[in-house]
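Residue-level structure breakdown
Each chain, letter by letter, is given below.
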Amino acid sequence: MKEAIIATGPKVQIIDSEIPKPAAGQVLIKVHFSGSNPKDWKVPEWMPDTPPLNQGDDIAGTIHSVGEGVTEFKTGDRVAAFHEMLKPHGSYAEYAIAWAHTTFLLPAKTSLEEGAAIPLAALTAVVGLYGAQKLNLPQPWSPAEKPIPLVVYGGSSAVGTYAIQLGKRSNIHPLICVAGRAQDHVEKLIDRSKGDTIIDYRKGDEAVAQGIKDALDGKKLGYAFDAVSEKSSYQNISKVLDQESGKITLVLPPKGGWGAKFEEIPSGIHQSTTNVGSVHNDLKDLGFVYSRYFTRGLEEGWFRGQPQEVVPGGLGGIQSALERLKDGTASAVKYVFKISDTEGAGRDV
């Protein structure tokens, strides 16, 4: 099969690989579409001594075979799945491996392109919003009964988009969303009648902090989901977040690594770093439950994927897409790849 591996640069190389076999608890998926994420170019730079790897983690396709103990899925099922990061057999290939607990069925009305835009970013939103050591907000099936203001910094990003949708489902309002040129996208997600609003970060740091204060209308800010985690985002949030009981979760690690703290955040604020990889470790149950909840949300219509752009060339399009993710060209879009468009694909049976 054809497979793409990513090196620092980013530099993409398409190679021939054997079709993998699923272990117990895993599924083998024939990949129709793969999504992409900023981590796909960042990880090779963060870990330069690690050999180039298939960095794709967003899978959408059909079940080809299942490993021992998997009873929920069968050959031919249309699914999306979150591949375990930094492990072999990712989504940048004709076939990919995923754990069954982070695989979910796609309703007939949900395209495979849309499915490929969901897994990693949506589960990142889940871990940040609901993880016990993160924001630990009310679950959608036990929604908030009184106003809980929440800042979503980077509201038009994929993670921000899913955080907004899940926050609404948990009746968390007002949602104070910080965004830039993709505000129209965010506007379609929020509920103005419940106080939700958008702050334009392009007006400058002081304007962002003041805009959040104005949106709070005298209420304390106890929670912030920083889906940007750079370029003054957490500094701006920290100006407004309650200095004694506030919680902020960030999606990028500080300079000292995942276990370190952001020194610019006041000590009275509880800070955490959201690592979606935890759904394959200590938060397996959370990953399992919400993966299935995504299916329901897609079917019922209150949950939808980040808008997609299919990049031409299949695996051959990954290089240009990752370059655009790196230079900041992307806005309110998920770059996805139709694997069958890859030159030489389909020769393995």
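None of the values given here were measured: they were computed from a predicted structure. (Residues numbered from 1 in each chain as written. Predicted model: local features only at pLDDT ≥ 70, side-chain atom pairs only at ≥ 80, totals over all residues. Heavy atoms only, no water.)

1. Some words on unusual backbone geometry
Looking along the chain, the bond that leaves Gly-9 and enters Pro-10 is cis, with omega of 0°. By secondary structure assignment, the location of Pro-10 is in the loop between β1 (2-7) and β2 (11-16). Backbone torsion omega between His-173 and Pro-174 reads -5°, so that peptide bond is classified as cis. Among the structural elements, Pro-174 can be located in the loop between α4 (158-169) and β9 (175-179). One non-glycine residue with positive phi stands out, namely Ser-232, at about 75°. You will see that Ala-332, though not glycine, has its phi angle at about 55°, which is positive. Along the polypeptide, Ala-332 turns up in the loop between α9 (318-327) and β15 (334-338). (Helix = DSSP H or I, 4+ residues; strand = E, 2+ residues; numbered from the N terminus.)

2. Some words on the pairing of strand β3 (residues 26-35)
Counting buried residues along β3, eight of its ten residues qualify, which places the element largely inside the surrounding structure. Summarising the sheet, β3 and strand β6 (residues 95-99) pair through five bridges and their orientation is antiparallel. Each bridged residue has a counterpart across the sheet, and for Val-27 the counterpart in β6 is Ala-98. For β3 and β15, the ladder comprises three bridges, and the chain directions are antiparallel. The partner of Phe-33 across the bridge, within β15, is Lys-338. (Buried < 20%, exposed > 50% of the residue type's maximum accessible area, 1.4 Å probe, protein only. Pairing = 2+ DSSP bridges.)

3. Some points on helix α3 (residues 119-130)
Compared with the 16 Å implied by 1.5 Å per residue over twelve residues, the 16 Å span of α3 between its first and last C-alpha is a close match. The buried fraction of α3 amounts to twelve of the twelve residues, a majority that puts the element mostly inside the structure. (Expected span 1.5 Å × (residues − 1).)

4. A word on the side chain of Thr-249
If you trace the backbone, Thr-249 turns up in strand β12 (residues 247-250). Among the polar contacts made by the side chain of Thr-249, one reaches the side chain of Thr-274 at a distance of 2.6 Å. (Polar contact = N/O pair within 3.5 Å; in protein donor to acceptor, adjacent residues only side chain to side chain.)

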